[in-house]
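Architecture and fold: a report
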Amino acid sequence: MDTKNEFYFELSLTFESDAPVEKLEKLIGLKPQKIVKLSESKGPIKTAKFFYKTDTFKSFYTDKLFKEFLLSLKDNFKAIPEILREWKGECYFYIVFTKMLDKPYLSLDSETIKLLAFLNANYDIDFNY
């Protein structure tokens, strides 16, 4: 029986203007799982969105895996701050738990915090199980 937690990481870029989110794949080098144009946005607050999601991990520890995820995208980050400024956007990184069998180990070291700060990124933990 597997006794590890299951989770994935997600990058979400949201824009209050009708940003050309379909161009983000080429600009930042990531293939999105989902793109939502402003005209397709649902809910009271309309935003254009770009979602990128990793495969699922099985572990109690998220810290090293999350840092590795951010470092793997570091070259892609170069374009993101300017895109966020130009298109009036925000950047979100999520750890999403899909199966929880024990208390998770959640920690961010200074290098991870610097990477998030460089993007002026939001950080969130969700439980989707």
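Everything below is about the structure shown above.
Below is a short write-up of the structure.

Things to note about the side chain of N5
The topology assignment puts N5 in the segment before β1 (6–15). A polar side-chain atom of N5 sits 2.6 Å from the main-chain amide nitrogen of L101. Once residues lying within four places of it in the same chain are set aside, the contact partners of N5 are F57, K58, S59, F60, F97, K99, M100, L101, D102, K103 and P104.

Quick notes on the side chain of S41
Along the chain, the position of S41 falls in the loop between β2 (34–36) and β3 (48–53). S41 gets classed as buried once you look at its relative accessible area, which sits at 6%. A distance of 3.1 Å separates a polar side-chain atom of S41 from the backbone nitrogen of T47. Once residues within four sequence positions are removed from consideration, S41 is found in contact with V36, K46, T47 and K49.

Observations concerning unusual backbone geometry
Positioned with a positive phi, K88 is a non-glycine residue whose angle comes to about 55 degrees. The class for K88 is exposed, based on a relative accessible area of 52%. Residues other than glycine seldom take positive phi values, yet N120 does so here, at roughly 55 degrees. Residue position: N120 is located in the loop between α5 (110–118) and β6 (122–127). N120 sits in the exposed class, given a relative accessible area of 66%.

Definitions and cut-offs
- Residues numbered from 1 in each chain as written.
- Predicted model: local features only at pLDDT ≥ 70, side-chain atom pairs only at ≥ 80, totals over all residues.
- Heavy atoms only, no water.
- Helix = DSSP H or I, 4+ residues; strand = E, 2+ residues; numbered from the N terminus.
- Polar contact = N/O pair within 3.5 Å; in protein donor to acceptor, adjacent residues only side chain to side chain.
- Contact = heavy atoms within 4.5 Å.
- Buried < 20%, exposed > 50% of the residue type's maximum accessible area, 1.4 Å probe, protein only.

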